[in-house]
Amino acid sequence: MSKYIASYEAVPIEFVRGEGCYLFDKKGKKYIDFLGGWCVSTVGWKDGEMAAAISRQAALGVYVPPIFGSERQEALAKRLVELAPGKLRRVFRSTSGSEAVEYGIMCVRAATGKPTVVSIDGVYHGHTYGAAALGDACIPKIGPCPPGFIKLRMPKSVEEGLAVVAEFEQLIVSRGDIAAFMSEPFWTNAGCHIPPDGFYQGIQKVCRKHGVLLAMDEVATGMGRSGKMYASELWGLTPDVICLGKSFTGGYATMGATLITEDVFKKSRGIPDYSTFGWLPQDLAAAEKNLDLIISKKLTENAADVGAFLLAELKPLEKLAKVKQVRGQGLVFGIEFRLPIAPVIALLCYRKGLVTALSDARTLFFSPPLCLNKRLAKQGAEILKAACGSKE
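Let us look at the structure shown here.

**Things to note about a nonpolar patch on the surface**
Then, in step 1: A surface patch of nonpolar side chains, about 570 Å² in accessible area, is lined by Tyr63, Ile67, Phe68, Tyr274 and Phe277.
Then, in step 2: You can see Ile67 is positioned in the loop between helix 2 (48–60) and helix 3 (71–83).

See the structure below:
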């Protein structure tokens, strides 16, 4: 337990440097990084081009408050919306995924004049109050939680998906105050749960039918991690709002972005939109170079290819009595156990030189850097197989 840092669950390993898909602790032990900063790492650690881009910008010694114009910020925003599905045309600048989600909540309410946002239960969206209330982080101990949020159950089958879509439509018709549906394209921190076939197509159809906005939190899934630049593309979605963070800078800076349609932008005029450290010049340099490298190195395609390879390597674990299900999408994975043994498995992985994390006591979670290759994926898979097969 830390003496001064306010942390309740710190893992007693201190990493002091990284390189590619490896991390090194202060004793010099080398680990394969299968966590990737929890859906953060793209180009890997200690990337020379990223470091050079940030250093060049820092040497200029300038801070630009968001009240001033910036051609570079404009250019990055243009790239983001041009790569995105649908008719997204504007970008709110922010410092984190949580802040990006807050902008999303403000926008859907302001644009519709309605207070209620519907989301999926058990999904994480951030720690700020609005994001926490949208997701699963607003626990009773910090209540009262902000009002205006309704959660639908997470569907685990096609039949459940159809039922949840029907429940959503009934909510819209019966209440008349629903501004938006807002969730992740697939549910990452919950343990990498994949929506059943037809679910999101049904949600989008209901939204369009009733004039309800569709907002996707792509903080964890965006920037190529799913095997698509935006995971919304997996289900053919054209959201009115997309939120970005985490992989936006690949772990080299702290930035968020909220992409919206021109219609939502016009109707949201007047919302508070000043983010003091939103898109700092050094952070902007990191985001620019990160996007350059994701595209030039085909990291989105790599996430799809290596992700499918790793999932195929790990699926046989389901033959073990202790393993309930192995799930994956791109380079996001969850291994769910029948008993609360995930902490033990994670500890065994640490001992064997593999970094993973927990969604809960029954579920191991990992999201490797997008630059992971099949050789290293195979090595990590062998460690996971050994840990899951252990009798400890």
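**Some remarks on the nonpolar core**
Then, in step 1: Grouped together as the largest cluster of nonpolar side chains are 87 residues, with contacts concentrated most on Leu80, Phe168, Phe181, Leu259 and Trp279.
Then, in step 2: Per element, the largest residue contribution to this core is seven residues, and it comes from helix 12 (residues 374–389).
Then, in step 3: Ignoring anything within four residues of it in the chain, the contact list for Phe181 reads Val118, Ile120, Leu152, Phe168, Tyr200, Ile203, Cys207, Val212, Leu213, Leu214, Ala215 and Met216.
Then, in step 4: Formed by 24 residues, the second largest nonpolar core is a distinct cluster that contains Val101, Leu213, Ala215 and Cys243.

**Things to note about the side chain of Thr42**
Then, in step 1: In this fold, Thr42 is placed in the loop between helix 1 (36–39) and helix 2.
Then, in step 2: Relative accessible area serves as the criterion here: at 0%, Thr42 is assigned to the buried category.
Then, in step 3: Residues contacting Thr42, with those up to four places away along its chain left out, are Ser247, Gly250, Asn290, Ile294, Leu299, Pro369, Leu370 and Cys371.

**Looking at the sheet that holds strand 15 (residues 363–366)**
Then, in step 1: Across the sheet, which stays open at both edges, the four strands sit in the order 11-12-15-14 with antiparallel pairing between neighbours. Single-partner strands in this sheet number two, and they are strand 11 (323–329) and strand 14 (357–360). Across this sheet, the average inter-strand angle for adjacent strands is 25°, counted without regard to direction.
Then, in step 2: As paired elements, strand 12 (residues 332–337) and strand 15 share four bridges and run antiparallel to each other.

**Quick look at the packing of helix 3 against helix 9 (residues 281–296)**
Then, in step 1: Interaxial distance between helix 3 and helix 9 falls to 11 Å at its minimum, and their mutual angle equals 35°. When the axes of helix 3 and helix 9 are compared, the crossing they make is left-handed. Every residue of helix 9 that contacts helix 3 at Arg72, Gln73, Leu76, Arg79, Leu80 and Leu83 is listed here: Pro281, Leu284, Ala285, Ala287, Glu288, Leu291, Asp292 and Ile295.

**Some thoughts on the packing of helix 6 (residues 158–175) against helix 7 (residues 199–210)**
Then, in step 1: At a minimum axis distance of 9 Å, the contact between helix 6 and helix 7 shows a crossing angle of 15°. On the basis of their axis angle, the class for helix 6 and helix 7 is roughly parallel. In this structure, the crossing between helix 6 and helix 7 has a hand that is right-handed. Here Gly161, Val164, Val165, Phe168, Glu169, Ile172 and Val173 of helix 6 lie close against helix 7, whose contacting residues are Phe199, Gly202, Ile203, Val206, Cys207, Lys209 and His210.

**So, helix 10 (residues 299–314)**
Then, in step 1: Along its 16 residues, helix 10 runs 21 Å from first to last C-alpha, staying within 8% of the 22 Å computed at 1.5 Å per residue.
Then, in step 2: Residues of helix 10 that are buried include every one of Leu299, Thr300, Ala303, Val306, Gly307, Leu310, Leu311, Glu313 and Leu314, and no others. Looking down the long axis of helix 10, one finds its buried residues gathered within 150° of arc, a one-sided arrangement.
Then, in step 3: Buried residues along helix 10 sit against helix 9, strand 11, strand 12, strand 15 and helix 12.

**Notes on the state of the cysteines**
Then, in step 1: By the definition in use, this model includes one disulfide.
Then, in step 2: Here Cys138 connects covalently by a disulfide to Cys145, the sulfurs 2.1 Å from one another. Classification of the bridge connecting Cys138 and Cys145 rests on its S-S torsion, roughly -110°, and on that basis the disulfide is left-handed.
Then, in step 3: Overall, the relative accessible area of 14% leaves Cys138 in the buried class.
Then, in step 4: Of all cysteine sulfurs in the structure, the one in Cys21 sits closest to Cys371, which takes part in no disulfide; the separation is 3.6 Å.

**Some points on the pairing of strand 5 (residues 116–120)**
Then, in step 1: Most of strand 5 sits inside the fold, with five of its five residues counted as buried.
Then, in step 2: Alternating residues of strand 5 divide into Thr116, Val118 and Ile120 and Val117 and Ser119, and every residue in both groups is buried.
Then, in step 3: Pairing of strand 5 with strand 7 (residues 178–183) involves three bridges; the strand directions are parallel. Bridge pairing in strand 7 links Thr116 to Ile178.
Then, in step 4: One ladder, built from four bridges, connects strand 5 with strand 6 (residues 149–152); its direction is parallel. Counterpart to Val117 in the pairing with strand 6 is Phe149.
Then, in step 5: Once you follow strand 5 into helix 5 (residues 129–134) and on to strand 6, the crossover reads as right-handed.

What counts as what
- Residues numbered from 1 in each chain as written.
- Predicted model: local features only at pLDDT ≥ 70, side-chain atom pairs only at ≥ 80, totals over all residues.
- Heavy atoms only, no water.
- Patch = residues over 30% accessible without salt bridge, like charges linked within 9 Å, V, L, I, M, F, W, Y side chains within 5 Å.
- Areas by Shrake-Rupley, 256 points an atom, 1.4 Å probe, with all protein chains shown as cover.
- Salt bridge = Lys/Arg side-chain N within 4 Å of Asp/Glu carboxyl O.
- Helix = DSSP H or I, 4+ residues; strand = E, 2+ residues; numbered from the N terminus.
- Core = buried A, V, L, I, M, F, W, Y, C linked by side-chain atoms within 4.5 Å.
- Buried < 20%, exposed > 50% of the residue type's maximum accessible area, 1.4 Å probe, protein only.
- Contact = heavy atoms within 4.5 Å.
- Pairing = 2+ DSSP bridges.
- Axes fitted to C-alpha atoms, helices over the stretch in contact; angles between N-to-C directions.
- Left-handed = near helix turned anticlockwise from the far one by under 90°.
- Parallel < 35°, antiparallel > 145°, perpendicular 65-115°, else oblique.
- Expected span 1.5 Å × (residues − 1).
- Arc of directions from axis to C-beta.
- Disulfide = S-S within 2.5 Å.
- Right-handed = clockwise from strand over helix to strand, strands pointing away.

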